[in-house]
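The lines below spell out each chain.
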Amino acid sequence: MLSVIPQAEDGESRPPALRMTGIAKRFAGVQALKGVDLDLRGGQVHALLGENGAGKSTLMKVMFGIVQPDEGAIALDPRGAVRIDGPRDALAMGIGLVSQELSLVPQLDVAQNIFLGRTRGLKLVPRVGFRRQARAILDDLAPHLHTDTPVAALGMADRQLVEISRTLARGGRIIAFDEPTSSLTPAEQESLFAVIRRLRAAGKAIVYISHRMNEIRAIADRVTILRDGEVVASGPIGDYSEARLNELIAGRELSREMSAEKPAPVASAPVIELRGISTARIADVSLAIGAGEIVGLSGLVGSGRSAILRACFGIDALSGGEIGIAGRRVTLGTPADAMRAGIALIPEDRRGHAIVPMMDVERNFGLGNHDRFASLGVIKGAERQRVARRYVDELHIRPASIGTEMRNLSGGNQQKVVIARWLATGARVFLFDEPTRGIDVGAKAEIYALLRRLAADGAALLVVSSELPELLLICHRIGIVSGGRLRNIVDNDAGLTEERLIALAAREDNS
Amino acid sequence: MTELSSLPRTEAADRKSPSLSRRGDVLRKASVAIGCVMLFLVFSVLNSTFYQPSNLIDIMLQSSINAVIAVGMTLVIMTKGIDLSVGSIVGLSSMVAADMLSHGLLAGIGAGLLVGLVCGFLNGVLIARLKLPDFIVTLGTLSIFRGAALIYTDGQPIYGLSKEFRALFAGRLLDIPTPVLLALAVAALAYLLVRYTALGEQIIAIGGNEEAARLSGINIERVKVTVYTISGVLSGLAGFVLIARIGAAEPIGGSGFELQAIGSAVIGGASLFGGVGNPLGSLIGALTLGALQNGLTLMNVPSFWQYVASGVVVILAVFADQWTRKRG
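Only a predicted model underlies this, so the values are computations on that prediction, with no experimental measurement involved. (Residues numbered from 1 in each chain as written. Chains lettered and ligands numbered in written order. Predicted model: local features only at pLDDT ≥ 70, side-chain atom pairs only at ≥ 80, totals over all residues. Heavy atoms only, no water.)

## Observations regarding the overall build of chain B
Here is step 1: Within chain B, the regular secondary structure consists of 14 helices and 4 strands.
Here is step 2: Across the 328 residues in chain B, those meeting the buried criterion constitute 53%.
Here is step 3: Here the contacts in chain B between residues at least 6 apart in sequence split such that 77% fall between residues at least 24 apart.
Here is step 4: Carbon and sulfur atoms form 68% of the exposed surface of chain B, whose accessible area is close to 14900 Å². (Helix = DSSP H or I, 4+ residues; strand = E, 2+ residues; numbered from the N terminus. Buried < 20%, exposed > 50% of the residue type's maximum accessible area, 1.4 Å probe, protein only. Contact = heavy atoms within 4.5 Å. Areas by Shrake-Rupley, 256 points an atom, 1.4 Å probe, with all protein chains shown as cover.)

This is the structure:
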């Protein structure tokens, strides 16, 4: 039996498995990387931290040959200086990248994906041999996977395993993970960590990118922090406290902004009330949210959390139950109906579902609000500009110009424009799906402040989030969703911790 | 309003300066005009007839039919759609109009426009309501409408259009050919629509990000049906010019106009990726293609080769679109 995961070698005594020195890259006048050095050693997990746009992904693309650096050198042990001309080159050199968008072909089976790109032209594909080799790798890494299952039938976690297997099949020694856990369940995360630890033990050099501090803590040996394309710190993970890491990432102190008090909810009749609503994806969900209240929804991706929001926004049709707004029953057939009822949805996939990247801030702000900013179909430009400027000022949207195209704003600022849009429609119910997904640490604090302010102004907020610390920070109550049902809802008082929430969720899963 | 420069530079501004993307935009807009001017210069150098005022007016006249269709096509393309049936709508509506002209000028015009409206509306409903792919729907109606035009008179052309009709759509006003004025008016109206109305913004939003537009409460179906209907009506209108100039309506009239219209829209800056386009640009696009044909004719290039040239220019325009997109 061939062993694809050989025994560990001593990491420190050898030169680094991969050494990048002075990597610089410019995109259309923007310096994405400025002389970055990075050493990756076998048998170590190296965490790469930084805000979005700090250069992490660009650096990984350089390492995987997707992007060619303008300056700098890459040296591989024992080959010496190398030029990586594309993913094909990188794979052949034993460098693999497991990214959020996996490069698997769903229609092909596991073995075919593992050996994708290994044959060329009209050569026959040695199926039997590939299948046997794939089996050998999977026996070591993921014994539960069959070589002939189409990848389309696999979940995210298994797809990642296939991606890792593909790298190992090429004799991979350096494997980068770019936010691998963002769509995994806690149990799947644990088994991924187990796999990463085994790869480490086998002497692989691992790069790990994540925004989740607890993961970095759990898995990393060393950490390198990038800010604005430069390395601001690098060293053993034990040398840095979490607060220090956050400061280094954001470039300023955040503790105060992050821990502001929640405003007390106003005792009032519910602003929005769900009475036993069901759709194709959820069943019998009942929930009432009062003015000034922030309710969080926790649960796995696919548990029905987002489907509850979709039902509240008229995207998914109700098959049962009813929705009341300020005591009156409403029928929500389309998002336009929901908008008229004073409901706002701030979707998770901002780029895909919330903004028009090529339109400017003013028009993105006015999107869908033509009732207010147009008369007889003609846009009231001056008035809309005035209102848009006011919101840009109030919400500290940067750059402070309503003429900037939306795609040139950072994630946090885009999110603020989307929120401003709904503020201008006079919405009283705000549905947030992962409000800080893909948003930098610094901007996160501002979004939290904004959510608190919305509540303080008397809006009702329903927030879906995968990040438990986020829910614990901002919510008054937290509901646990699984299998399309709202299983349990607990008060977020001093006694509630991440551990207890996870335990509650696990109990619901098993019941 | 605070000066942008007085504020601390934010990450967003550092990461990707807005002026860069604006430069991309300018490049994109200017490249159309530059290309058009260069074409005029080249032909003027090669042939002294080309730049004579009478020939320039000829070019405008020849381009006007295409320009009117291209304006509608631009709106469609801006929603990330495509309308391949415009040429067949030209054929069908002009046949019906020619036939109905025997009942009077207004009857002819009304019937022709109504046919265009119904055809466009049908496209819109099939695409927006039944969610069928625009390319296939309009490829299908291209054949259906053409078939209907042939069935209408059993393939026979209709001769003898009324004088008023020909004066209206192929005459002159203040020495300017009416089709040119018509094209200018249509393009100007469409420009105002895109620039200053809610519908215009909704068109851009749908082309830029349909899902975001839907989730912000925009009625996608209505906007799309409206846009295809406009395209149909403008095709009908272009058909009037076609038959007025020839003096007869043929059931095969308008064949191949879709390529010209799509080409003009794209040359004029409309992006097949949606969300970007300018009806005035499509006017320049139509002029560019018209000048190309006119210039090649003056240089005695056989008309068969002109097809090749038009196709090459259209593909170049799409290539330029992709290229500026990547850089911008």
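## Some remarks on the overall build of chain A
Here is step 1: Across its full length, chain A holds 19 helices and 22 strands.
Here is step 2: For 511 residues, the compact-globule estimate of 2.2 N^0.38 gives 24 Å, and chain A sits close to it at 25 Å.
Here is step 3: With the principal axes as the frame, chain A shows a C-alpha extent of 70 × 50 × 50 Å.
Here is step 4: A sequence separation of at least 24 residues applies to 65% of the contacts in chain A between residues at least 6 apart.
Here is step 5: Roughly 21100 Å² of accessible area belongs to chain A as shown, and the carbon and sulfur atoms make up 50% of that amount. (Rg over C-alpha atoms; globule rule 2.2 N^0.38 Å.)

## Structural notes on the pattern of salt bridges
Here is step 1: Counted by the stated rule, this structure contains 29 salt bridges over all chains.
Here is step 2: A salt bridge links R329 of chain A to E322 of chain A, with the shortest nitrogen-to-oxygen separation between them at 3.4 Å.
Here is step 3: Among the residues examined, R329 of chain A registers a relative accessible area of 58% and is labelled exposed.
Here is step 4: For R384 of chain A, the salt bridge is made with E201 of chain B, and the minimal N-O distance between the two is 2.5 Å. (Salt bridge = Lys/Arg side-chain N within 4 Å of Asp/Glu carboxyl O.)

## Comments concerning the packing of helix α12 (residues 257–267) of chain B against helix α13 (residues 279–298) of chain B
Residue and element names in this part refer to chain B.
Here is step 1: Their axes nearest at 7 Å, the elements α12 and α13 cross at an angle of 120°. What the angle tells us is that α12 and α13 run oblique. Our pair here, α12 against α13, has a crossing hand that is right-handed. In this structure, α12 uses Q260, G263, S264, A265 and I267 to contact α13, whose residues at the interface are G281, S282, G285, A286, T288, L289 and Q293.
Here is step 2: When the residues that make up the contact of α12 with α13 are grouped by side-chain class, the tally is 4 nonpolar, 8 polar and no charged. (Axes fitted to C-alpha atoms, helices over the stretch in contact; angles between N-to-C directions. Parallel < 35°, antiparallel > 145°, perpendicular 65-115°, else oblique. Left-handed = near helix turned anticlockwise from the far one by under 90°. Nonpolar A, V, L, I, M, F, W, Y, C, P; charged D, E, K, R; others polar.)

## A few points about the packing of aromatic side chains
Here is step 1: In total, this model carries 11 aromatic pairs over all chains according to the counting rule given.
Here is step 2: Residues F365 of chain A and Y391 of chain A carry aromatic rings whose centres are separated by 5.5 Å and whose planes lie at 45° to one another, so their mutual orientation is tilted. Of this pair, F365 of chain A sits in helix α13 (residues 361–366) while Y391 of chain A sits in helix α15 (residues 381–394), and the two are 26 residues apart along the sequence.
Here is step 3: A relative accessible area of 9% means that Y391 of chain A is categorised as buried.
Here is step 4: Relative to F240 of chain B, the ring of F165 of chain B has its centre 5.7 Å away and its plane inclined at 75°; by these criteria the two rings are edge-to-face. (Phe/Tyr/Trp six-rings, centres within 6.5 Å; stacked < 30°, edge-to-face > 60°.)

## Description of the domain arrangement of chain A
Accessible area lost when the parts come together is the quantity often used to give the size of an interface.
Here is step 1: Per the domain assignment, the segments making up chain A are domain 1 (18–94 + 173–253), domain 2 (258–342 + 428–510) and domain 3 (356–426).
Here is step 2: The gap between the C-alpha centroids of domain 1 of chain A and domain 3 of chain A is 36 Å. (Domains from an automatic or database assignment.)

## Focus: the environment of P335 of chain A
Here is step 1: Looking at the element boundaries, P335 of chain A is found in helix α11 (residues 335–340).
Here is step 2: With a relative accessible area of 7%, P335 of chain A lands in the buried category.
Here is step 3: Spatially, the C-alpha atoms of P335 of chain A and E242 of chain A are 41 Å apart, while their sequence positions differ by 93 residues.
Here is step 4: With near-sequence residues (within four places) excluded, P335 of chain A lies in contact with F313, G314 and I315 of chain A together with R214, L215 and G217 of chain B.

## A short note on the sheet that holds strand β3 (residues 44–49) of chain A
Note: strands within a sheet are paired through backbone hydrogen bonds, in either parallel or antiparallel orientation.
Residues and elements named next belong to chain A.
Here is step 1: The 6 strands are arranged β6-β7-β8-β3-β9-β10 in an open sheet whose pairing can be described as mixed. Of all the strands in the sheet, the pair left with one neighbour each is β6 (95–98) and β10 (230–236). Put simply, the sheet's adjacent strands are angled 15° from each other on average, direction ignored.
Here is step 2: Against the sheet, helix α5 (residues 156–169) makes contact with β6 and β7 (174–178), and its axis sits at roughly 170° relative to β6, the strand it touches most. (Pairing = 2+ DSSP bridges.)

## Digging into the pairing of strand β1 (residues 18–27) of chain A
Residues and elements named next belong to chain A.
Here is step 1: Across 7 bridges, β1 lies against strand β2 (residues 30–40) in antiparallel orientation. Along β2, the bridge assignment pairs R19 with D39.
Here is step 2: Across 5 bridges, the pairing between β1 and strand β4 (residues 71–76) is antiparallel. Paired with M20 across the bridge in β4 is I74.

## Considering the packing of helix α4 (residues 86–100) of chain B against helix α11 (residues 220–246) of chain B
All names here are of chain B.
Here is step 1: Direction vectors running N to C along α4 and α11 enclose 60°, while the axes themselves pass 7 Å from each other. Looking at the two axes, α4 sits oblique to α11. Judged by the sense of rotation from one axis to the other, the crossing of α4 with α11 is right-handed. Between α4 and α11, the contacting residues are V86, I89, V90, S93, S94, A97 and A98 on the first element and S231, G232, S235, G236, G239, F240, L242 and I243 on the second.

## Observations regarding helix α4 (residues 127–141) of chain A
Residue and element names in this part refer to chain A.
Here is step 1: With 15 residues, α4 should reach 21 Å at 1.5 Å per residue; the first-to-last C-alpha distance of 21 Å fits that figure.
Here is step 2: Those residues of α4 that sit buried are G129, F130, A134, A136, I137, L138 and L141.
Here is step 3: Where α4 is buried, its residues contact α3 (110–114), α5 and α6 (186–201). (Expected span 1.5 Å × (residues − 1).)

## Here's the deal with the state of the cysteines
Here is step 1: Overall, the coordinates contain 0 disulfides over all chains when judged by the stated rule.
Here is step 2: Residue C312 of chain A stays outside any disulfide, its sulfur separated by 15 Å from that of C475 of chain A, the closest cysteine. (Disulfide = S-S within 2.5 Å.)

## Side note on the confidence of the model for chain B
Detailed reading of the predicted coordinates is not advisable wherever pLDDT is low.
Here is step 1: When pLDDT is averaged along chain B, the result is 85, and 89% of the positions lie at 70 or above.
Here is step 2: In this model residues 1–22 of chain B is a low-confidence stretch, pLDDT under 50, and it forms 36 contacts with partners more than four residues away in sequence or in other chains. (pLDDT = per-residue confidence, 0-100.)

## Here we look at the confidence of the model for chain A
Here is step 1: Confidence in the prediction of chain A, expressed as mean pLDDT, is 84, and 91% of residues score 70 or more.
Here is step 2: Within the model, the stretch residues 7–11 of chain A combines pLDDT values under 50 with 8 contacts to residues more than four positions away or in other chains.

## Observations regarding the sheet that holds strand β15 (residues 328–330) of chain A
Residues and elements named next belong to chain A.
Here is step 1: Taken in spatial order, the 4 strands make up an open sheet running β12-β11-β14-β15, and their pairing is antiparallel. Of all the strands in the sheet, just β12 (285–290) and β15 have a single pairing partner and so form its edges. On average, adjacent strands in this sheet sit at an angle of 20° to one another, irrespective of strand direction.
Here is step 2: Bridge count for strand β11 (residues 270–278) against β12 is 5 bridges, and the pairing is antiparallel. The partner of I272 across the bridge, within β12, is I289.
Here is step 3: Along the sheet, helix α10 (residues 305–312) makes contact with β11, β12 and β14 (320–325), crossing β11 at roughly 110°.

## Considering the pairing of β10 of chain A
Residues and elements named next belong to chain A.
Here is step 1: Pairing analysis gives 6 bridges linking strand β9 (residues 222–227) to β10, with the strands arranged antiparallel. Bridging across to β10, T224 finds its partner in S234.
Here is step 2: What sits between β9 and β10 in their antiparallel hairpin is a turn of 2 residues, with D228 showing a positive phi close to 50°.

## Focus: α6 of chain A
Residues and elements named next belong to chain A.
Here is step 1: In this model, α6 (16 residues) spans 22 Å end to end at C-alpha, consistent with the 22 Å of a helix rising 1.5 Å per residue.
Here is step 2: Within α6 the residues assigned to the buried category are Q189, L192, F193, V195, I196, L199 and R200. For α6, the arc enclosing every buried residue in end-on projection is 160°, short of the 170-degree limit, so these residues lie on one face.
Here is step 3: In this structure, the buried residues of α6 make contact with β3, α4, α5, β7, β8 (205–209) and α7 (213–219). (Arc of directions from axis to C-beta.)

## Examining the environment of H353 of chain A
Here is step 1: Its place among the elements puts H353 of chain A in helix α12 (residues 350–354).
Here is step 2: Using a relative accessible area of 30% as the deciding quantity, one classes H353 of chain A as partly exposed.
Here is step 3: Separated by 248 residues in sequence, H353 of chain A and V105 of chain A have C-alpha atoms that sit 25 Å apart.
Here is step 4: If near-sequence neighbours (up to four positions away) are discounted, H353 of chain A is found in contact with P347 of chain A together with N209, E211, A212 and L215 of chain B.

## Quick word on unusual backbone geometry
Residues and elements named next belong to chain A.
Here is step 1: Residue P78 is bonded to the preceding D77 through a cis peptide linkage, with omega at 0°.
Here is step 2: One non-glycine residue with positive phi stands out, namely D228, at about 50°.
Here is step 3: Phi is positive for H396, close to 55°, though the residue is something other than glycine.
Here is step 4: With respect to the helices and strands, the residue H396 is situated in the loop between α15 and α16 (411–424).
Here is step 5: Note on H396: relative accessible area 46%, which makes it partly exposed.

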